[in-house]
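# Observations on the three-dimensional arrangement
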Amino acid sequence: MRSDLTLIHGWVPEGAHVLDLACGDGTLLHALARDKGVSGYGLEIDPDGITSCVEKGVNVIEQNLDDGLANFEDDACDLVIMTQALQALRRPDLMLDEMMRVARECIITFPNFAYWRHRVHLGLRGYMPVSKSLPHAWYDTPNIHLSTFNDFEALCRDKGLTIIDRAVGIKDHEGRRLSRLWPNLFGEIAIFRVTRND
Amino acid sequence: MPEPTRDSVGLVTPQMAHFDDPLPLVCGKTLTTYDLVYETYGTLNEDRSNAVLICHALSGHHHAAGYHDDSDRKPGWWDAHIGPGKSIDTDRFFVISLNNLGGCHGSTGPSSINPETGQRWGPDFPMVTVCDWVDSQARLADRLGITRFAAVVGGSLGGMQVLQWSLAYPERIANAVVIAATPKLSAQNIAFNEVARQAIRSDPDFHDGHYADHDTLPRRGLKLARMVGHITYLSEDAMGSKFGRDLRSDDLNFGFDVEFQVESYLRYQGDAFSTSFDANTYLLMTKALDYFDPAAPHQGELAKALAPAQCPFLVVSFTTDWRFPPSRSKELVNALIRAGKSVSFANIDSPHGHDAFLMPEPRYQAVFAGFMQRVANDLGLTSRQENDHAL
């Protein structure tokens, strides 16, 4: 399982009702159902991902996240998870509102644009960053709203959301200690666990 | 019959089940005795856990797969999806496909003899509904010793029967596959059905449904009904790419004979149907479509109506289906979500309109087969081939 998914797996409480946005091939939901009795739905638009979910017995709904979550009632779930999709949405801020409406607590992961390798690409070499977490060229990337640890924290502050946990996902193992100290510089993937205050 | 292939169920023989226990119908009447014609494919396993029920659509019947005899040019109507190694894998599942009550392919219907009068039922055959069909299917299951289906599967009107199964017999259905269906007809759907019915009923040869007593058939009415229906089964694009504005001859002839290819196609389809399908059955089946609305007793709240359902659902729609468009499937999916049920939904990109549910399409097959594979795995069903390898 991807490193960010392993971390999230640990955070999800037993028996939770979960909505997984951009659930891919259903790996996380499948593991959560097996290990923790978690129920819920995944949303996905990739045909192969949907087929893989169906094969695994993971509930998957073909639904574009940019269309919102109107088909889920307020507090329909205990937890909404969105891994590596925030940066590809048309309006990440509105999606965050939707997520916090459907559940009290959300887990969100995205590539940290302020990661040092990205800074080197842009700051020193003068090219748009290309890395393991951002593998596309500037002209064909689905990632249209890139942000950083600091940016996301500011957005949560503006929306009055509380950050319960913050972690760093690293694809290669170098700099694990550094990333804990300076996540915005050394963290390749940002992982947030947020809750609303009501 | 074309050369036998490894993925065909091959030659099949319909069977008949006769029932003497009266079946009370939603309309208030009772069928005292009735017959159901059905086919089976594959082998029922020892603990009778691998049965799959196929529910047919408006003009469908029991012959879903394989061939009746060597001279058949075409296989059953869902042969693309039923057979060894296909989505509904007959190496794993025991498949039952029947002709519904009121039908005209062997089950008791308007062309059968009413035992109380000794006369043909004709237009006096009681109005049967989706609920009645499902009740009669449950009795057929009893007869075959099947207490619980591994899956009940259907497209279009067949999908409505699947939905009804999940509500009326939740303990008898382990999985539900609802394809290109809707939880209820829209005003536009009913309007098209009414045009079809009026076409039939206004044919002078209809004789208020007693056409058989006059040794005739309301061919023109049934032909028109089918032509209208057929337009709604195809997408605008499919019709456009198939026929465009192509003419049958080089020049316009400024008359009302067939000029455009699409006219020729519709007339051909209508003519073929008008002698092979019973008009009274067509009227009944369209009414069954119109009446289906499980949410009605719950103030229109579908999520409440779905409360009894226990099984996981697979709901499939097709992008260019405008008879029961993806939005109607989503209506069902969203109600299932609100009701907290297990459901997966795939909207398949296909140019073929409503008819897409009958056809093979790689993504459709992958999702359908993937779901059925999971059903088989959950039940511990192995394929006959795997068993052969083990031996």
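Coordinates for the structure precede this section.
The present account deals with the structure reproduced in this document. (Residues numbered from 1 in each chain as written. Chains lettered and ligands numbered in written order. Predicted model: local features only at pLDDT ≥ 70, side-chain atom pairs only at ≥ 80, totals over all residues. Heavy atoms only, no water.)

## Observations regarding the overall build of chain B
- Within chain B, the secondary structure is distributed over 11 helices and 12 strands.
- What you see for chain B is a C-alpha radius of gyration of 21 Å, in line with the 21 Å of a compact globule of 391 residues.
- Judged by the C-alpha coordinates and their principal axes, chain B covers about 70 × 55 × 50 Å.
- Expressed as a percentage of the 391 residues in chain B, the buried residues total 55%.
- For chain B, the exposed area adds up to about 16600 Å²; of that, 51% sits on carbon and sulfur atoms. (Helix = DSSP H or I, 4+ residues; strand = E, 2+ residues; numbered from the N terminus. Rg over C-alpha atoms; globule rule 2.2 N^0.38 Å. Buried < 20%, exposed > 50% of the residue type's maximum accessible area, 1.4 Å probe, protein only. Areas by Shrake-Rupley, 256 points an atom, 1.4 Å probe, with all protein chains shown as cover.)

## Some words on the packing of helix H3 (residues 187–201) of chain B against helix H4 (residues 219–233) of chain B
Residue and element names in this part refer to chain B.
- Close contact between H3 and H4 brings their axes to 7 Å; oriented N to C, the two are set at 160 degrees. Judged by the angle between their axes, H3 and H4 are roughly antiparallel. As H3 packs across H4, the resulting crossing turns out to be right-handed. Facing Phe192, Val195, Ala196, Ala199 and Ile200 of H3, the residues of H4 in contact are Gly221, Leu222, Leu224, Ala225, Val228 and Thr232.
- Its residues placed into classes, the contact of H3 with H4 shows nine nonpolar, two polar and no charged. (Axes fitted to C-alpha atoms, helices over the stretch in contact; angles between N-to-C directions. Parallel < 35°, antiparallel > 145°, perpendicular 65-115°, else oblique. Left-handed = near helix turned anticlockwise from the far one by under 90°. Contact = heavy atoms within 4.5 Å. Nonpolar A, V, L, I, M, F, W, Y, C, P; charged D, E, K, R; others polar.)

## So, empty space enclosed by the protein
Residues and elements named next belong to chain B.
- One pass over the structure, following the stated rule, counts two cavities of 30 Å³ or more.
- Here the largest cavity is characterised by a volume of approximately 50 Å³.
- In this structure, the largest cavity is lined by Leu58, Phe192, Asn193, Ala196, Val228, Gly229, Thr232, Tyr233, Tyr282, Thr286 and Arg323.
- Taken together, the elements giving at least two residues each to the lining of the largest cavity come down to H3, H4 and helix H7 (279–291).
- Of the residues forming the lining of the largest cavity, the biggest block, four residues, is contributed by H4.
- Split by residue class, the lining of the largest cavity holds six nonpolar, four polar and one charged.
- Lining the second largest cavity are Gln188, Asn189, Phe192, Asn193, Thr232, Trp322 and Arg323.
- Across the lining of the second largest cavity, the residue classes break down as two nonpolar, four polar and one charged. (1 Å grid on protein atoms, 1.4 Å probe; cavity = no way out; pocket = protein on both sides within 12 Å on 5 of 7 lines; lining within 4 Å. Points joined across faces, edges and corners; volume = space filled by probe spheres on them.)

## Here's the deal with the interface of chain B and chain A
- At the junction of the two partners, chain B supplies 20 residues and chain A supplies 16 residues.
- Counting the surface lost from both chain B and chain A, the interface buries some 1400 Å², and carbon and sulfur atoms represent 55% of this.
- Summed over the shared surface of chain B and chain A, the number is one salt bridge.
- Linking chain B with chain A are 10 residue pairs in polar contact (both at pLDDT 80 or more).
- Residue assignment for the side of chain B that touches chain A shows that the elements contributing at least two residues are helix H9 (326–338), strand S12 (343–348) and helix H10 (362–378) of chain B. (Buried area = accessible area lost by both parts, 1.4 Å probe. Salt bridge = Lys/Arg side-chain N within 4 Å of Asp/Glu carboxyl O. Polar contact = N/O pair within 3.5 Å; in protein donor to acceptor, adjacent residues only side chain to side chain.)

## As for the nonpolar core
- In terms of nonpolar packing, the biggest core is built from 104 residues, with Leu19 and Leu21 of chain A together with Tyr282 and Phe313 of chain B touching the most fellow members.
- At seven residues, the largest contribution of residues to this core is made by H7 of chain B.
- Once residues within four sequence positions are removed from consideration, Leu19 of chain A is found in contact with Tyr41, Leu43, Leu69, Phe72, Cys77, Leu79, Val80, Ile81 and Val102 of chain A.
- Counting 56 residues, the second-largest nonpolar core is a separate cluster that includes Ile50 of chain A together with Ala180, Phe368 and Leu381 of chain B. (Core = buried A, V, L, I, M, F, W, Y, C linked by side-chain atoms within 4.5 Å.)

## Considerations on the pairing of strand S8 (residues 94–98) of chain B
Residue and element names in this part refer to chain B.
- Across the five residues that make up S8, a large majority, five, are buried.
- Burial of the side chains of S8 extends over both faces: Phe94, Ile96 and Leu98 are buried on one face and Val95 and Ser97 on the other.
- Across four bridges, strand S4 (residues 34–41) lies against S8 in antiparallel orientation. Bridge pairing links Tyr41 to Val95 in S8.
- Looking at chain direction, strand S5 (residues 51–55) and S8 are connected through four bridges and run parallel. Residue pairing in the sheet places Ala51 in a bridge with Phe94 of S8. (Pairing = 2+ DSSP bridges.)

## Topic: the packing of helix H1 (residues 3–11) of chain A against helix H2 (residues 27–36) of chain A
Residue and element names in this part refer to chain A.
- Interhelical geometry of H1 versus H2 gives an angle of 35 degrees and a closest axis separation of 11 Å. Here H1 runs over H2; the crossing is right-handed. Of H2, the residues touching H1 (which contributes Leu5, Ile8, His9, Gly10 and Trp11) are Leu28, Ala31, Leu32, Asp35 and Lys36.

## Quick word on unusual backbone geometry
Residues and elements named next belong to chain B.
- With phi around 60 degrees, Ser156 is a residue other than glycine that occupies positive phi space.
- Inspection of the secondary structure assignment puts Ser156 in the loop between strand S9 (151–155) and helix H2 (157–168).
- Unusually for a residue other than glycine, Ala180 sits at a positive phi of about 45 degrees.
- Along the chain, Ala180 falls in the loop between strand S10 (176–179) and H3.

## Observations concerning the packing of aromatic side chains
Residue and element names in this part refer to chain A.
- The final tally for this structure, using the stated rule, is 22 aromatic pairs over all chains.
- Geometrically, the ring pair formed by Phe149 and Phe192 is tilted, given 5.6 Å between the ring centres and 50 degrees between the ring planes. With Phe149 in helix H6 (residues 149–158) and Phe192 in strand S7 (residues 189–196), this pair connects stretches of sequence that are 43 residues apart. We note that Phe149, like Phe192, is buried. (Phe/Tyr/Trp six-rings, centres within 6.5 Å; stacked < 30°, edge-to-face > 60°.)

## Digging into helix H1 (residues 130–143) of chain B
- Taking 1.5 Å per residue as the helical rise, H1 of chain B with its 14 residues ought to reach 20 Å, and the 20 Å between its terminal C-alpha atoms agrees with that figure.
- Of the positions making up H1 of chain B, those classed as buried are Val130, Asp132, Trp133, Val134, Ser136, Gln137, Ala138, Leu140 and Ala141 of chain B. (Expected span 1.5 Å × (residues − 1).)

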